[in-house]
Each structure stands twice: as structure tokens, then as C-alpha cells.
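Examination of the molecular architecture
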Amino acid sequence: MIFGGGRFKPWGVPIQIDLGSSSPRKAPEAKGLIVGIDLGTTNSLVAYARDGRPEVLKGENGETLLPSVLEIDASGKARQIGQGAKALRGSRPEDVLFSVKRLMGRTLKDISEDARRQIPYELVDDVASHQVKVKVGDRLLSPIEISAQILRALKERAEKALGQKVDRAVITVPAYFDDAQRTATKAAGRIAGLEVLRVFNEPTAAALGYGWSFEKPGTIAVFDLGGGTFDVSILRLEAAVLEVLATSGDTQLGGDDFDAALAEAAWNAFHASGLDLDTLDAAQQRHLRAEILAAAEEAKIRLGDVTTTEIRLGPAWFAGGASADKASFTITREAAEKLWAPLVDRAIERCRSALADAKLAPADLDDVVLVGGSTRLAYVQRRVEDFFGRKPNRTLHPDEAVALGAAVQADTLAGNDSNRLLLDVIPLSLGIETVGGAVAKLIPRNSTIPTEARDVYTNHAEKQTAFDIHVVQGERELVKDNRSLARFKLRGLEPAPPGFHRIEVTFRIDASGILGVRAKDLRSGKAHEIEVRPSFGLNDDELFAMLESAEGHAEADARARELVDARVEAETVIRAAEKTLEMSGHLVTAHDLAEIRARLVDLRNAVQGASPEAIHKALSELDAVTRELAELQVNNALGQAMKGQKA
Ligand code: ADP
Ligand code: MG
């Protein structure tokens, strides 16, 4: 491997960005007990492969899931983690923390408005540490510390269940997690007293969990609908390679939305039946909403077994004179499914887009595996079956698949399994900024890694002695619509006219998904001082937003791009024409000279406008009148050169 996790930098270019892929490095020498952990937004699990057979490790009451919810005390420590804390969720917004995974490796501005609205506890930007923090009382807690407490609880669970010390783990993350998010996850593990041997992609783990490995070739879709997020991945297993063909998803779609849809219907029904909700103060309303939401989740789960169920308000709410029938809302499974249909539509849309990216039809798949607690809903299973045209695989508990796969991977790392080679794709295109704020894509999204791409660029400005390399990630045509990953300067170029320098930019992504960027002056070939200022990694909410917006803006983008390109071309031509006039204007008649000047004015005006067509038209008109001058100039130059040779 040429690049290894930021240790060896062949070009001395310190940009190392993990692009959201995972691939095994060499297995560690030491053998021992390593667990697999699914650190989920909603629920977390720990699993272990005993004699090669992965199993989820249970808590004291036989439970498999540990809700990723913490009740924080005044010292910033968790008073309780899991089911007990979950029961307080919503009603105690200040000190009951959940969905902390959404904050991992993020700054406050990375977190979308939508995501922020769903988080009732207080968030602050900690400039010093470049991360968002949670304010509980007068304490600031980092998402890393909070996640570490969940991991510690899982470690303890594992140690109790196995009766042995557990000090190493494989932790899963969404495929689109970037370097900052993966690093944060690793850091959380370390704080919890776990050496994190690998952060591993959830869909890949799920596939392993379902028993897919390279020994069993095929193409599978992993449909993961959890509590707050939806991910779909298309994987291909072939000749010792597990390749991620495409990923898509929605970071704001999950079981929570199913609960919210039921809760809203209940709230409206209570309201319509005359229950006086408006006289409640803000704190009471919050309590009531939290209670209805919790009841809605229970009702949702009950609807798996029964066709009609009820959401009842607790006796505390009867004080306002409500009678028992007013405090109860009845809903059928059919009615609930109607409420959920638009949510599942969104997930199916993402499946369509992932398949399109992978250039596959549903019939090309050999299996569809279900992951995430929300795929326990028969309605979701039916819609998945309708779309993919096949019964989804139901051989596992869908909410355990990821943890089981992580345990399989842990087992491999422990040296108990043969080597596995995994190939991933990069989730977003990578390129650099070129003149006029356009993006030159070097590596298109969904490229299989490892990969390498290079291109040669030239200088646009007069006497340019430094070259700005701005690395961007995203699907849009203009830099301003994409995500900035890093910037650096290639300095010490000799001052030269536009178009003189030849700067070769190379992007290389290794098997671990680490990006290296090199800029080299091909003329001098000499070493250049390079400054790098890595920006923060990519925000997962933004990732999907960017993908979505690229789809919606393709046409406008293409036009904006065309305009930028036309302007750049026009400016180059204008400069060249001016230079030619200056040097060789005397070679043409006064009439021709006036004509050329007029066309130059037209072109300058066109550049000011917003129509690429007008620029192209002015360009070709200028070209027509300058052609003769150009010929004269060439002949003249040749004449001069011959004279010079003779002399
Ligand atoms: P995450 O991956 O986000 O941590 P999970 O995969 O554990 O989450 O999924 C949690 C979601 O699954 C919750 O919204 C929960 O209500 C839902 N869920 C769990 N069991 C069921 C069930 N039997 N029927 C419907 N939804 C369920
Ligand atoms: Mg999950």
C-alpha cells in the first residue's frame, strides 16, 4: 500500500482525508478477545463470534438492544444509559441525551437546520476543539465523551456476558461517514477503554452478518431503516472481493418519523374531541407530546401483531375534565400504513437512485437484506418486496445484522478467519477548483477504490507565481455549491504569461479510502513549498442534501458551468487578441483594424452578460475578423525567423 492512514506521505502532501470507505489493513499480531459493536443513532449492540458463530451479547434482563440514550447527572456522567433513560426522553430535554451519533465529528454549523430542530438539548460551538458540544447544566460534553459512555456500557455488558476482559473492538459507522466522524468514533472507543481495530461500514457489516462473503458470489441490496436514518447500499461479492457499488439514503428518515406521524394524528384527534390542550403551558405541552410520542412508538410496534390499537393518555391528563373516551385514540393498521406511505416512498426513491448509480435493475439482485428495527414493520417489508420484486431476506433479526457482521469482522481480525478483501466506493465526486469557480472533477462519485486520477492544468493569470489547489467534494458544477475539503498553494513558479505553466494534479485514493493530493510543476519539476489547510470533513446531512440538490439542479448547473467556461475562453481570446493587435496591428488595413476592435467590444459586452450563447457568437465573429490578421502575423513571424536564421 502506498499510503497508510496518514503515516507515509510519498509526496510530502499532508492531506489525508478518509472518504467514507473501509477496507481491512493487516490483521494485528496479537490474538484475543475482540467484540463487534453497532454504535447506533437509536440503539447500540455488542456481539461476539464464539467459535466462528456470531451472537449478540445480552444485558442483565436478556435484552439485546441498548437504547443510545443517556440521563446525565450534574457531574456530566450518565446516571443511566438505555431503556431507563429512554423512558425520560423528550420530557426532560435538558439532560436526557439521544441521537448523539448525529453530532460526532461535527461543528455546529455542520449540523443541518432539520437535524437541529430534532435535538431538544442545548448545543454550543466549541471553537477551540472544532466540535459541537452539548451543554448540560454548566457542563460542556463532547459527542465523543457521550458516545464513549455508551461504548463503556457495551464493553461492560460484553465482559459480564463473556466473563473475560474485552479491550478491543470493531465499531461500525455509516458508509458515508467521513474522516472527522470516523476519527471521532475511534476516539470514543479509546476513551471507553477499547482499542478500535477498525471502523467498519454498516452495510458491509450487515452483509457479513447475513452470511454473505466472497465465497458466495452475488449482488445484494442492503436496506437499512433505523430509528432516525435510512441507508441503502448495493454490494457485489465476487472472486474474493466485496465491492460497494453504490450507496444512498436519507439522514432524516427513520422509525422516529413513523412514531411522529402516529403521534400527530393522535394529538389532532385529542384536540378535535375537545380535550383542552391549548391551556397547557409550554412545559406541560412538552410533557404531553413526549408521552404521546412514546405511546405512538409502542402502538406502532403493537400494530405488527394486531390490526387495531389505541393510544391512551395517562391519568394525569384527565384532571382538565377529560373523560376516558376523549383521552383515547384508536387507529387501525391500515390507517397507520396510509400515514407511513409517504415516508416509505422516500426510502424507495433512494433505492431507485442507488440502483441507477450501480447501473442495475431490481432483477439483477440476488438478495435484498433488511437491516434496522423499522424493517420489522410488515408494511415496510411489503413495500421493499414490491419494489425489488423479491421477498427480502428475513433470516436474521434486522436490528442485529450490523452487530453480528461486526463480530464476524472482529473474528477475522482476531486471526480466526481467512483474509478478506473489501472494495468500497467513494460517496461523492472529488475535484479541484478551476478558473471562474468551476469544478474539474478528477474522480467521479461511486468510483471503486483504490483509484488514481491526474490531469494537467495551466495558469490563467499573468505573472502567476503560485498555484492554488482547492480540493472540493460534491456533484455540483460550481465550487460554491460543493464542499471544500482542503486548500494548498504550490509556490515558487517563475512569473510567466497565461497558459505557460503545466501543473499536474494527481488524486490518489488508497484501499483505506485515504486521499492524497499532489501538485507538480512539470516544467521545473523541482520541489515546491506546499501549504495545506485541511478543512473539516464532510457533514453527512450535507452529503445527501448535496446529492439531492445535484439531481435537482443538473440543468441550471450545466448552464452556469457553460457560462463560466465561455467567459474564461472569451477572456483568454480577448487577451490574446489585444496582444496581437499591439504587436501586429500595423499589418492590417485601418478598416480591418476598426472591425476587429468593434468585435472585441462586442465580446467584452457579451462577457458582462449571462448568456453563454451570446459569448460563443461574439467569439466566432471575432474569430472571423481576426483570422486574416493571425495568418499575416504567422507569415510575418516566419519571415522574421528566416531572416534571423540567415543572419
Ligand atoms: P438505529 O440503527 O438508528 O440505531 P435501530 O435499527 O435499532 O436504530 O431501529 C430503531 C427503530 O426501530 C426505532 O424507531 C424503533 O421504534 C423501530 N422498531 C423496533 N422494533 C420495531 C418493531 N417491532 N416494529 C416497528 N418498528 C420497530
Ligand atoms: Mg443502525
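Described in the following lines is the structure provided in the data block. From a predicted model like this one, the values you see are computed outputs, not experimental measurements.

1. Digging into the overall build of the chain
Scanning the chain for helices and strands turns up 13 helices and 28 strands. Within the chain, contacts between residues separated by at least 24 positions form 69% of all contacts whose residues are at least 6 apart in sequence. Approximately 28,500 Å² of the chain is accessible, and the part contributed by carbon and sulfur atoms is 51%.

2. Some thoughts on the packing of aromatic side chains
Under the criterion given, the structure shown has four aromatic pairs. Measuring from centroid to centroid gives 5.9 Å for F98 and Y121, while their planes differ by 90°, and the two rings are edge-to-face. Taken as a pair, F98 in the loop between β8 (96-97) and α2 (113-117) and Y121 in the loop between α2 and β9 (122-126) lie far apart in primary sequence, 23 residues in all. For R289, the ring lying beneath its charged end belongs to W267, and the centroid distance is 3.8 Å.

3. Concerning the pattern of salt bridges
Under the criterion given, the structure shown has 34 salt bridges. Among the salt bridges present, the one from E202 reaches K101, with a minimum N-O distance of 2.7 Å. Placement of the pair is E202 in helix α5 (residues 202-209) and K101 in the loop between β8 and α2, with a sequence separation of 101 residues. Each member of the pair E202 and K101 is classed as buried. Residues D259 and K300 are paired through a salt bridge, measuring 2.9 Å at the closest nitrogen-oxygen approach.

4. Points about the site of ligand 1
For ligand 1, the set of nearby residues contains 17 residues, the closest of which are T42, N43, E297, K300 and G373. Contacts to ligand 1 include K300, whose side-chain N or O atom sits 2.8 Å from an oxygen atom. At 3.2 Å, a backbone N or O of S374 approaches an oxygen atom of ligand 1. Protein coverage of the free-state accessible area of ligand 1, which is 580 Å², stands at 87%.

5. Examining the side chain of S248
Position of S248 among the secondary structure elements: in strand β16 (residues 241-250). Exposure remark for S248: the relative accessible area of 3% places this residue in the buried category. Looking at S248, its side chain comes within polar contact range of the side chain of R350, at 3.2 Å.

6. A look at the sheet that holds strand β10 (residues 131-136)
Taken in spatial order, the three strands of this open sheet run β9-β10-β11, and their pairing is antiparallel. The open sheet has two edge strands with one neighbour each: β9 and β11 (139-141). Here the strands of the sheet are splayed against their neighbours by 40° on average, with no regard to which way each runs. Sheet topology note: the β10/β11 ladder contains three bridges and is antiparallel. When the bridges of β11 are listed, V136 appears paired with R139. Where helix α3 (residues 143-162) meets the sheet, its contacts fall on β10 and β11, and the angle it forms with β10 comes to roughly 70°.

7. Considerations on helix α7 (residues 282-302)
A rise of 1.5 Å per residue sets the reference length of α7, with its 21 residues, at 30 Å; its end C-alpha atoms lie 30 Å apart and thus fit the reference within 8%. Taken residue by residue, α7 has L288, A290, I292, A295, A296, A299 and K300 as its buried positions. On its buried side, α7 packs onto α6 (255-272), β17 (308-312) and α8 (333-357). The residue sitting at the N-terminus of α7 and contributing the capping side-chain oxygen is D281; that oxygen lies 3.1 Å from the backbone nitrogen of A283.

Calculation criteria
Residues numbered from 1 in each chain as written. Chains lettered and ligands numbered in written order. Predicted model: local features only at pLDDT ≥ 70, side-chain atom pairs only at ≥ 80, totals over all residues. Heavy atoms only, no water. Helix = DSSP H or I, 4+ residues; strand = E, 2+ residues; numbered from the N terminus. Contact = heavy atoms within 4.5 Å. Areas by Shrake-Rupley, 256 points an atom, 1.4 Å probe, with all protein chains shown as cover. Phe/Tyr/Trp six-rings, centres within 6.5 Å; stacked < 30°, edge-to-face > 60°. Lys NZ or Arg CZ within 6 Å of the ring centre and 35° of its normal. Salt bridge = Lys/Arg side-chain N within 4 Å of Asp/Glu carboxyl O. Buried < 20%, exposed > 50% of the residue type's maximum accessible area, 1.4 Å probe, protein only. Near = heavy atom within 4 Å. Polar contact = N/O pair within 3.5 Å; in protein donor to acceptor, adjacent residues only side chain to side chain. Pairing = 2+ DSSP bridges. Axes fitted to C-alpha atoms, helices over the stretch in contact; angles between N-to-C directions. Expected span 1.5 Å × (residues − 1).

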